[in-house]
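Architecture and fold: a report
Okay, here's what each chain looks like letter by letter:
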Amino acid sequence: MLQTNLTHVLSEKDHAALLKANENVMICCGRMGPMCIPVYEAMEELEGEYKHVKFADMEFDSPDARIIRNLPECRSFQGLPFVVYYKGGKVVKATTSIQQPKQITTILDEHFGKK
Amino acid sequence: MDTQYDVIVLGGGAAGLTAGIYLSRARLRTLILNEGATGGQMTLTHEIANYPGVENISGYELARRMRSQAQKFGCTVKSNLTIAAMDLTGEIKRVLLDTGDAFTAPAVILATGGKSREIGAPGETEFKGKGISYCATCDGDFFTDKEIIVVGGGNSALEEAVSLTKYASKVTVVHQFDHFQAFEHYVVEAQKNPKIRFIMESKIEAFEGDEALRSVKIRHQQTGAITTMAVDGVFILIGYVPNTKRFEGIVTLNGAGEIVADAGMATSLPGVFAAGDSIAKRYRQVTTAVADGTIAALNAAEYVNAKKKEVKAEEVL
């Protein structure tokens, strides 16, 4: 389990339940590594501001993370973390490698609306 | 309306957090404003094994502990924000966020750290995370049995080139000079590794591909000859640049863009101190950042307390 304060997605079942229960979802799929940690921290900070978005993480190396690793939107990705934004259960955006907080909020604002 | 503090610290890495600990423990109202994530470059280190008194700790955990320690002493820490403007020239310094929130203080500590240096060649942004990486330990396993390039000639570049041979079938080190800056033992280890070859006196001119990186154009510095090399990944490990662009023309910077600070961490502007990786110095370690942050905080505290005494004396008169 990742050492963050975010909601942890531990299985494909969790993933499905999360998407079913929430209209707007951001999942950061990574490890406790230098490119991923800043993204988790940005998400933890944003969690209080974007109450209409569910922020979660998923361990990249867990077998069930194939639900994210194998997404067509992530096919060309070769840098951690893989971050996927879902609206109504559908992928609306996916990013690879570290993202600055401003890049994240731009995506959140564009796809989920401003806080 | 502006919120007043005694000291504003710009940057929440090792230097900034240490300054926050010292200042808030000295009962000074202290605000840390951090545009990135807490910990700065410290969080880029998987394992810190040379922090005195701590045998082994991840950079992430050390950063979390420092932040918590600062907050316990009463320091306010705000991260992941955007500074819209600042005026550091007057007696009272003012920092404005893009949210419209403004903060003032008689002293400021610049501890904005550094970031990975980029090559600046066409395609670099486009293929970041799609073949281009700045972290070998993060992304090395995506290139198992693939051919990669490591750009750089310093300790990190050569150490990671060797490390990446665990995954890659072939590693080509591309370096702009005819010699390496790395310590001799890193050079020797890389040179004796059969999976590593070297292209010296050369720079990458462009990154090319479709949905992922496929090739690079390499220019030889002496002859100007350009060759195209098919490659699956490129790791750019050419050091760091200080986050000081916004201080140009405000405090004195050296030719490398680093803040020039004296032994007391004072900059060219009264009431403005600096610490950590953003200042001109030779060694950049967590321990040196912590030392800088301590010195900057103690001198900023002295400066602020002297200012308070001046105000009190004027009131008496």
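For every chain, the first residue of the written sequence is number 1, and numbering continues from 1 onward in sequence order. Chain A is the first chain written and ligand 1 is the first ligand written, with later ones labelled in order. Only residues with pLDDT of at least 70 get local features here, since the model is predicted, and only at 80 or more are side-chain atom pairs given and counted; chain-wide, interface and lining totals rely on the full set of residues.

1. Quick notes on the overall build of chain A
The secondary structure listing takes helices from DSSP runs of H or I that are at least 4 residues long and strands from runs of E that are at least 2 residues long, numbered from the N terminus. When helices and strands are counted, chain A shows 4 helices and 5 strands. Reading chain A from its N terminus to its C terminus gives the helix and strand order β-α-β-α-β-α-β-β-α. Over its C-alpha atoms chain A spans a radius of gyration of 12 Å, differing by no more than 12% from the 13 Å that the globule rule assigns to 115 residues. Each of the three principal axes of chain A carries a C-alpha extent, and together these read 35 × 30 × 25 Å. Burial analysis of chain A (115 residues in total) assigns 45% to the buried set. The globule rule is 2.2 Å times the number of residues to the power 0.38, and the radius of gyration it is compared with is taken over C-alpha atoms. Whether a residue is buried, exposed or partly exposed follows from its count of other C-beta atoms within 10 Å of its own C-beta, namely 20 or more, 12 or fewer, or something in between, respectively; the C-beta atoms are built from the backbone.

2. Quick look at the overall build of chain B
Scanning chain B from N- to C-terminus turns up 6 helices and 19 strands. With the principal axes as the frame, chain B shows a C-alpha extent of 75 × 40 × 35 Å. Looking at chain B residue by residue over its 317 residues, the buried ones come to 46%.

3. Notes on the sheet that holds strand β3 (residues 54–59) of chain A
Residue and element names in this part refer to chain A. DSSP-based pairing: two strands are paired if at least 2 bridges between them are found. With respect to topology, 5 strands assemble into an open sheet ordered β1-β3-β2-β4-β5, the strand pairing being mixed. Only two strands of the sheet have a single neighbouring strand rather than two, namely β1 (7–9) and β5 (90–96). Adjacent strand axes in the sheet meet at a mean angle of 25°, parallel and antiparallel pairs treated alike. As judged from the 6 bridges shared by strand β2 (residues 24–30) and β3, these two strands associate in the parallel manner. Looking at β3, one finds that Gly30 is bridged to Glu59. The contact criterion used here is simple: two residues whose C-beta atoms, placed from the backbone, lie within 7 Å are in contact. Lines fitted to the C-alpha atoms define the axes, with helices restricted to the stretch that makes contact. Angles between their N-to-C directions range from 0 to 180 degrees. Each of β1, β2, β3 and β4 (82–87) touches helix α1 (residues 12–21); the most contacted strand, β1, lies at about 130° to it. Across the sheet, helix α4 (residues 101–112) is in contact with β2, β4 and β5; its angle to β4 comes to roughly 20°.

4. Description of the domain arrangement of chain B
How large an interface is tends to be reported as the accessible area lost when its parts come together. Here the domain parsing of chain B yields domain 1 (3–116 + 240–316) and domain 2 (132–236). For each domain, the first and last residues come from an automatic or database assignment. In this structure, domain 1 of chain B and domain 2 of chain B have C-alpha centres spaced 35 Å apart.

5. A few points about helix α2 (residues 37–47) of chain A
By the criterion of burial, α2(A) is predominantly enclosed, with 8 of the 11 residues buried. Looking at the buried residues of α2(A), the elements they touch are β2, β3, β4 and α4 of chain A together with α2 (59–72) of chain B.

6. As for the environment of B:Arg94
Residues and elements named next belong to chain B. Tracing the sequence through the fold places Arg94 in strand β6 (residues 93–97). The class for Arg94 is partly exposed, based on 17 C-beta atoms found within 10 Å. In this structure the C-alpha to C-alpha distance between Arg94 and Ile8, which are 86 residues apart in sequence, comes to 9.1 Å. In this view, Arg94 contacts Asp2, Met86, Asp87, Ala102 and Thr104; residues no more than four positions away in its chain are not counted.

7. Considering the pairing of strand β7 (residues 102–105) of chain B
All names here are of chain B. Taking every second residue as pointing to the same face, the buried face of β7 carries Phe103 and Ala105, while none of Ala102 and Thr104 on the other face is buried. Inspection of the sheet shows strand β1 (residues 3–4) paired to β7 by 2 bridges, in the parallel sense. Each bridged residue has a counterpart across the sheet, and for Gln4 the counterpart in β7 is Thr104. Pairing geometry for β6 and β7, over 4 bridges, is antiparallel.

8. Some words on unusual backbone geometry
Omega for the bond connecting A:Leu80 with A:Pro81 falls within 30 degrees of zero, at -5°, which places this linkage in the cis form. Phi at A:Ser97 takes a positive value of approximately 70°, unusual for a residue other than glycine. Within the secondary structure, A:Ser97 sits in the loop between β5 and α4. A count of 24 C-beta atoms within 10 Å places A:Ser97 in the buried class. Of note, B:Met265 is a non-glycine position whose phi angle comes to about 70°, a positive value. Within the secondary structure layout, B:Met265 lies in the loop between β18 (240–242) and β19 (272–274). We classify B:Met265 as buried; it has 28 C-beta atoms within 10 Å.

9. Description of the interface of chain A and chain B
Each partner contributes residues to the interface: chain A has 18 residues there, and chain B has 23 residues. Elements with a minimum of two residues in the side of chain A that touches chain B: α2 and α4 of chain A. A total of 5 residues in the side of chain A that touches chain B trace back to one element, the largest contributor, which is α2(A).

10. Section: the environment of A:Val9
Residues and elements named next belong to chain A. Examined against the element boundaries, Val9 turns out to sit in strand β1. Look at Val9 and you get buried, because 27 C-beta atoms sit within 10 Å. For the pair Val9 and Ala56, spaced 47 residues apart in sequence, the C-alpha separation works out to 6.6 Å. Sequence-distant contacts of Val9, that is, excluding residues within four places in its chain, are made with Asp14, His15, Leu18, Ile27, Ala56, Asp57 and Met58.

11. Digging into the sheet that holds strand β17 (residues 233–236) of chain B
Residues and elements named next belong to chain B. Read from one edge of the open sheet, 5 strands run β10-β17-β11-β12-β13, paired in parallel fashion. Unpaired on one side and paired on the other, β10 (132–133) and β13 (196–199) mark the two borders of the sheet. Two strands pair when backbone bridges link them, and strand β12 (residues 170–174) and β13 are joined in this way by 4 bridges, in the parallel orientation. Looking across to β13, one finds that Val173 is bridged to Phe198. Running over the sheet, helix α4 (residues 155–164) touches β11 (147–151), β12, β13 and β17 and is turned about 165° from β11.

12. Description of the packing of helix α1 (residues 14–25) of chain B against helix α6 (residues 286–316) of chain B
Residue and element names in this part refer to chain B. Relative orientation of the contacting elements α1 and α6 amounts to 40°, with a least axis distance of 7 Å. Comparing the axis directions of α1 and α6 gives the class oblique. Crossing of α1 against α6: the hand is right-handed. Mapping the contact onto sequence places Ala14, Ala15, Gly16, Thr18, Ala19, Tyr22 and Leu23 in α1 and Val286, Ala289, Val290, Asp292, Gly293, Thr294, Ala296, Ala297, Leu298, Ala300 and Ala301 in α6. Following the grouping adopted for this structure description, the nonpolar residues are Ala, Val, Leu, Ile, Met, Phe, Trp, Tyr, Cys and Pro, the charged ones are Asp, Glu, Lys and Arg, and the polar ones are all others, Gly among them. Here the residues of the contact of α1 with α6 are counted per class, giving 13 nonpolar, 4 polar and 1 charged. By definition in this entry, angles of less than 35 degrees are roughly parallel, angles greater than 145 are roughly antiparallel, angles of 65 to 115 are roughly perpendicular, and the rest are oblique. In this scheme the handedness of a crossing depends on how the near helix is turned from the far one: anticlockwise by less than a right angle means left-handed, clockwise means right-handed.

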